[in-house]
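So the chains spell out like this:
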Amino acid sequence: MISFSAVSKVYPDGTTAVHDLSLEIPAGRITVFVGPSGCGKTTSLRMINRMIEPTSGVITIDGTDTRQIDAPQLRRGIGYVIQNAGLFPHRTVADNIATVPVLQGVTRREARRRATELLERVGLPTSMARRYPAQLSGGQQQRVGVARALAADPPVMLMDEPFSAVDPVVREQLQTEFLRLQEELGKTIVFVTHDIDEAVRLGDRIAVFATGGHLAQYAVPADVLRRPADDFVAGFVGRDRGYRALSFAGATGLPVQREPTVRMGAAAPQGPGGGEHRWALVVDDDGRPRGWLDRDALSPGDPIGLQHLRLGGSLAAPGYSLRTALDAALSSPSGRGVAVDDAGVAIGTITLADVVAAIEATDRTALADPAGDDAGAWSPPVLAKGAERTVPAGDRGVPR
Ligand SMILES: Nc1ncnc2c1ncn2[C@@H]1O[C@H](COP(=O)(O)OP(=O)(O)OP(=O)(O)O)[C@@H](O)[C@H]1O
């Protein structure tokens, strides 16, 4: 556990970056610092590994005052990931990842071997080990940044806006992989973001910082959304609040309809193509969705190519919420959202009508009611037996 006790930071020019911060960060969980620009998130994060020294107050890790630990030694035991990955440009990917283990005395050969393992862990092919950072995409560089932070197997990881510099699609992938990795590793993670959606998705707990370095609220995501502590937090989480609140509702029970699929490269289907049959779901050889085919725009028998597909709709992956289901249906030209399994294989579709019915049948006042029941107490109606699974909401109260 990391503990802040009455910690303040005043920079030499008189700026108060952090004011009287007291909070306890649980071990093995993700704690997110969120808030607008300049409210002291990064300063608070960097005080944990003493890259910045507090002006007053005490920070302890597992009961030990960090001031009693030699700063370089402290930092070697704490993984650190920043925006744009911060990789050494003249070192290969493998050598970047091996940096800290080599400093700790692990042989270069062994450190490189472990680096290759870590590449696989963060979802990159091992063939990338010999490349230089400039030869990777932004998302790949971020993954290497995470692998490098994990290389010394530190119990604590500090992550400062690690996914902000990539586009929204890659960002969502990185978040999903990050959650999967954390499920395996159970690190104590402190994560800084200015994006409340990212905070709600990733955080087991959220610390909302206000201007002037004040802690405005520290709670599980469900409580921050449902019961903002004051006007500042209410304003900060307010945008799209009704829509975001659907994140609380697991979509268990939402019927997944059987959806006929056609393979990429196959002949366009025969038969009537109007109405609900206008759109056909196209999958690759492994059954993963590639896009929707407008059958009216292609003659039966013509081979289906990428150029015929409507791309880019969101998918409902295991553990999805009503919000995800709604988005999948809305972003699909057919009005049917594609549900996939763990391996990304299409298992059927969810109709917009069913999602709307589920929302209408839901007691939404429970979400908005500040005096309502505990987080996670609200559950969606069961309409029919669905094929999907829902991740237990746990104490976050929010399906991821
Ligand atoms: N070295 C410094 N000297 C003086 N003021 C500083 C210094 N570093 C940061 N600050 C100020 O301290 C305040 C908090 O900065 P900090 O970087 O911790 O905020 P933040 O919440 O992480 O912001 P952002 O989201 O923009 O990164 C800001 O007003 C900033 O201008």
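Residues numbered from 1 in each chain as written. Predicted model: local features only at pLDDT ≥ 70, side-chain atom pairs only at ≥ 80, totals over all residues.

Naming follows an unreviewed UniProt entry, where the chain appears as ABC-type quaternary amine transporter of Nakamurella leprariae. Under the heading Sequence similarities (unreviewed entry), UniProt records this for the chain: "Belongs to the ABC transporter superfamily." (UniProt positions renumbered as here; feature names shortened; annotations may be inferred.)

Draft legend 1. How the structure looks around helix α4 (residues 108–121). With 14 residues, α4 should cover 20 Å at 1.5 Å per step; its first-to-last C-alpha distance of 20 Å lies within 8% of that length. Every buried residue belonging to α4 is among Ala111, Arg114, Ala115, Leu118 and Leu119, and all of these are buried. Burial along α4 is one-sided: seen end-on, the buried residues are contained in an arc of 155°. Facing away from the buried surface of α4 by more than 90 degrees, the exposed residues are Arg109, Glu110, Glu117 and Glu120. (Helix = DSSP H or I, 4+ residues; strand = E, 2+ residues; numbered from the N terminus. Expected span 1.5 Å × (residues − 1). Buried ≥ 20, exposed ≤ 12 C-beta atoms within 10 Å, placed from the backbone. Arc of directions from axis to C-beta.)

Draft legend 2. Unusual backbone geometry, seen in detail. One non-glycine residue, Asp20, lies in the positive phi region at around 50°. Looking at where Asp20 falls in the secondary structure, it is placed in strand β2 (residues 16–25). Here Asp20 falls in the partly exposed class, since 15 other C-beta atoms lie within 10 Å of it. Even without a glycine there, the phi angle at Glu161 is positive, about 45°. Positionally, Glu161 belongs in the loop between β7 (156–160) and α6 (168–185).

Draft legend 3. Expanded view of the packing of helix α11 (residues 322–330) against helix α12 (residues 352–360). Across the interface, α11 lies against α12 with an axial gap of 9 Å and an inter-helix angle of 150°. Taken together, the axes of α11 and α12 are roughly antiparallel relative to one another. Read as a crossing pair, α11 and α12 show a hand that is left-handed. When α11 is examined against α12, the residues Leu322, Ala325, Leu326, Ala329 and Leu330 are found in contact with a partner set consisting of Leu352, Val355, Ala358 and Ile359. Looking at the contact of α11 with α12 residue by residue, the classes come out as 9 nonpolar, no polar and no charged. (Axes fitted to C-alpha atoms, helices over the stretch in contact; angles between N-to-C directions. Parallel < 35°, antiparallel > 145°, perpendicular 65-115°, else oblique. Left-handed = near helix turned anticlockwise from the far one by under 90°. Contact = placed C-beta atoms within 7 Å. Nonpolar A, V, L, I, M, F, W, Y, C, P; charged D, E, K, R; others polar.)

Draft legend 4. Quick look at the environment of Gly337. Turning to its location among the elements, Gly337 is positioned in strand β16 (residues 336–340). Accessibility expressed as a C-beta count within 10 Å gives 29 for Gly337, which makes it buried. Residues Gly337 and Leu293, spaced 44 residues apart in sequence, show a C-alpha to C-alpha distance of 14 Å. Those residues within four positions of Gly337 in sequence are excluded, and the remaining contacts are Ala316, Ala325, Ala328, Ala329, Ser332, Thr349 and Ile350.

Draft legend 5. A look at the site of the ligand. Residues in contact with the ligand amount to 13 residues; listed here are only the nearest, Tyr11, Ala17, Ser37, Thr42 and Thr43. Top contributing element to the shell around the ligand by residue count: helix α1 (residues 41–48), with 3 residues. Of the residues contributing to the shell around the ligand, the split by class is 3 nonpolar, 8 polar and 2 charged. (Near = placed C-beta within 6 Å.)

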